[in-house]
Amino acid sequence: MKFTPRPWQTPMIQHMLGHKRCGVWAGMGLGKTTAALTAIDAINMVDPGPTLVLAPKRVARSTWPAEAAKWDHLKHLRISPVLGTPAQRMQALRRPADIYPINYDNLMWLTEVYNEEWPFTKVVADEATKLKSFRLQQGGKRTRALGKIAFSKIDRFIELTGTPSPNGIKDLWGQAWFLDRGQRLGRSYTAFQERWFYQDWGVTEYRQMYPHAHAQAEVQDLLSDICLSIEAKDYFDIEEPITQKIYVKLPPAARAAYNAMEEEFFAEIEGKEIEAVHAGAKSQKLLQMANGAAYIDDKGNWVHVHDEKLDALEEIYEEAAGAPLLVAYTFKSDVARIMKRFPKARILDDKQKTEDDWNAGKIGMLLAHPASAGHGINLQDGGNILVRFGLNWNLELHLQILERIGPTRQMQSGHERPVFDYCIMAEDTLDDDVYDRLDGKGTVQQILMEALKRRGNRK
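Right, let's get into helix α2 (residues 32-46). With 15 residues, α2 should reach 21 Å at 1.5 Å per residue; the first-to-last C-alpha distance of 22 Å fits that figure. Most of α2 sits out of view: 12 of its 15 residues are buried. Looking only at α2, the buried set comprises Lys32, Thr33, Thr34, Ala35, Ala36, Leu37, Thr38, Ala39, Ile40, Asp41, Ile43 and Asn44.

Here you go:
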């Protein structure tokens with residue numbers, strides 16, 4: 001596919017090319033990865049050598065390779081994700097490549113592998129808020145390991161994040177240190193606190209640190225030359241939601257089970273038999289399996305299929321960096337699995353307190369079935385990000401859940417912010433067909449026929 005930079009991507013690319021150490025603060029869906037890949041490719045012409053990308057696991061495994069393969073001008077880039085067992089990671093490091101994505105959890109391992117022979121003079125920290133815990137003496141072990149080589153071994157350091165300070169400016173010092181070694185915000189976190197914070201015991205028995213009234217503006221001004229901030233509302237019509245598909249790939253076992261159900265109306269998973277008695281039932285089984293679980297009887301018992309959508313949801317949650325998520329689910333098995341991964345998530349019920357808590361910012365993740373988010377429920381004050389964990393064929397329900405936090409409601413409540421509508425979809429599954437139906441691209445019958453044609457082409 002031919003790449004034409006979007007108006008907001010051009011300044012991103014120019015910023016990364018013009019600064020050896022910089023940050024790009026841009027919201028989800030604004031193409032930070034593609035912009036970074038384009039910049040890396042250009043940098044390689046004058047500064048050859050491998051680039052290390054630090055990212056959440058799924059982003060390292062899928063997003064960076066997929067974005068490079070998507071665009072004509074980036075297809076020549078060799079990308080070798082450093083994931084899996086230690087042996088698999090070593091094999092990935094030995095493979096000649098231009099870019100080596102690795103998840104943050106393996107950062108300490110990587111520094112121990114290379115020690116003084118560190119080969120990556122260019123580093124991109126995707127989801128850079130993970131660096132916020134850095135401290136010179138204490139803080140996170142992973143960031144301290146990176147801090148030891150951040151200036152002695154690394155010449156270029158690029159940070160990408162959607163929300164750099166979700167919990168206030170206190171999150172910025174650790175990230176900024178990797179860009180200027182404390183020149184702007186203070187050589188130590190203590191110095192940072194002493195300049196811009198004051199302490200108050202408040203109503204607790206512990207000392208609380210609060211930023212001075214002038215702190216926010218001063219800190220932002222100090223970082224403005226090395227950190228570029230891109231706001232969606234400056235480029236998008238905030239009267240329309242910003243939609244994005246987040247694709248996940250089914251693991252081999254899950255793919256085999258899915259194909260068996262699609263072709264034979266029957267599959268066996270973990271010794272449990274799953275059978276669809278007619279086409280309608282098969283449609284539901286396929287959607288369940290795409291989400292990661294499948295019912296094995298009419299009593300509500302289900303069997304695990306995969307966790308890819310859960311991993312994607314976790315990464316969206318981390319990228320949102322504290323911004324609340326309204327998560328739409330389809331099946332009760334979705335709820336059980338999401339709640340296990342996110343114990344603090346709440347379920348939208350008929351209690352006014354739940355709605356009030358969400359709108360008061362007390363709920364970081366609210367799970368809602370579209371049928372339960374009907375007329376009369378107002379959720380726009382609590383957030384502007386909708387994540388669809390799964391899909392169903394009902395267009396009314398599809399639109400109804402979005403309307404709870406939609407652009408019109410946001411503006412009516414005085415919120416000048418875009419609404420993000422993310423849909424987590426399993427590649428080459430019925431998810432795509434349902435999405436097409438909801439997007440008005442055909443009748444259910446037409447779409448199912450197209451799905452059957454695709455199935456035939458896979459054989």
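Here the narrative resumes, following the displayed structure.
On to the sheet that holds strand β18 (residues 420-426), then. Taken in spatial order, the 6 strands of this open sheet run β9-β18-β17-β14-β16-β15, and their pairing is parallel. The open sheet terminates on both sides in strands that have one partner only, identified here as β9 (242-248) and β15 (346-347). Two elements, strand β14 (residues 325-328) and strand β16 (residues 365-368), share 4 bridges in a ladder whose sense is parallel. Along β16, the bridge assignment pairs Ala328 with Ala368.

Enumeration according to the criterion identifies 19 salt bridges in this entry. Across the pair Arg61 and Glu308 runs a salt bridge, and its minimum N-O distance is 2.9 Å. Of this pair, Arg61 sits in helix α3 (residues 57-70) while Glu308 sits in helix α12 (residues 308-320); the two residues are 247 residues apart in sequence, bridging distant segments of the chain. Ionic pairing is found between Asp357 and Lys353, a salt bridge with its closest N-O pair at 2.7 Å. With Asp357 and Lys353 both in helix α14 (residues 352-359) and 4 residues apart, this pair spans about one turn of that helix. Through salt bridges with shared partners, a single network forms among Asp180, Arg184 and Asp225.

Turning our attention to the packing of aromatic side chains. Applying the stated criterion across every chain yields a total of 19 aromatic pairs. Each ring, one from Phe134 and one from Trp173, has its centre 6.0 Å from the other, and the planes form 10 degrees; the classification is stacked. Of the two residues, Phe134 sits in the loop between β4 (122-126) and α6 (141-147) while Trp173 sits in helix α7 (residues 172-180), which places them 39 residues apart along the sequence. Neither Phe134 nor Trp173 differs from the other in exposure class; each is buried. Considering the side-chain rings of Trp177 and Phe178, the 5.3 Å spacing of their centres and the 85 degrees angle between planes classify their relative orientation as edge-to-face. In this structure, Trp177 and Phe178 share a single accessibility class: buried. For the cation-ring pair, Arg135 lies above Tyr189, with the distance from its terminal atom to the ring centre recorded as 3.6 Å.

Cut-offs used in this document
- Along every chain, residues carry numbers that run from 1 in the direction the sequence is written.
- It should be noted that, the model being predicted, local features are given only for residues of pLDDT at least 70 and side-chain atom pairs only at 80 or more, the latter also being counted only at that level, while totals for whole chains, interfaces and linings use all residues.
- Here the side-chain values reflect all heavy atoms present in the structure, with hydrogen atoms and water set aside.
- For helices the rule is a DSSP run of H or I covering at least 4 residues; for strands it is a run of E covering at least 2, with both sets numbered from the N terminus onward.
- Expected span of a helix: the number of residues minus one, times 1.5 Å.
- Three exposure classes are used, based on accessible area relative to the maximum for each residue type with a 1.4 Å probe and protein chains only: buried under 20%, partly exposed in between, and exposed over 50%.
- Whether two strands pair comes down to DSSP finding at least two bridges between them.
- What makes a salt bridge here is a side-chain nitrogen of Lys or Arg within 4 Å of a carboxyl oxygen of Asp or Glu, nothing more.
- Two aromatic rings from Phe, Tyr or Trp, using only the six-membered ring of Trp, form a pair when their centres are within 6.5 Å; if the ring planes differ by under 30 degrees the pair is stacked, by over 60 it is edge-to-face, and anything between is tilted.
- Criterion for a charge above a ring: Arg CZ or Lys NZ at most 6 Å from the ring centre, at most 35 degrees from the ring normal.

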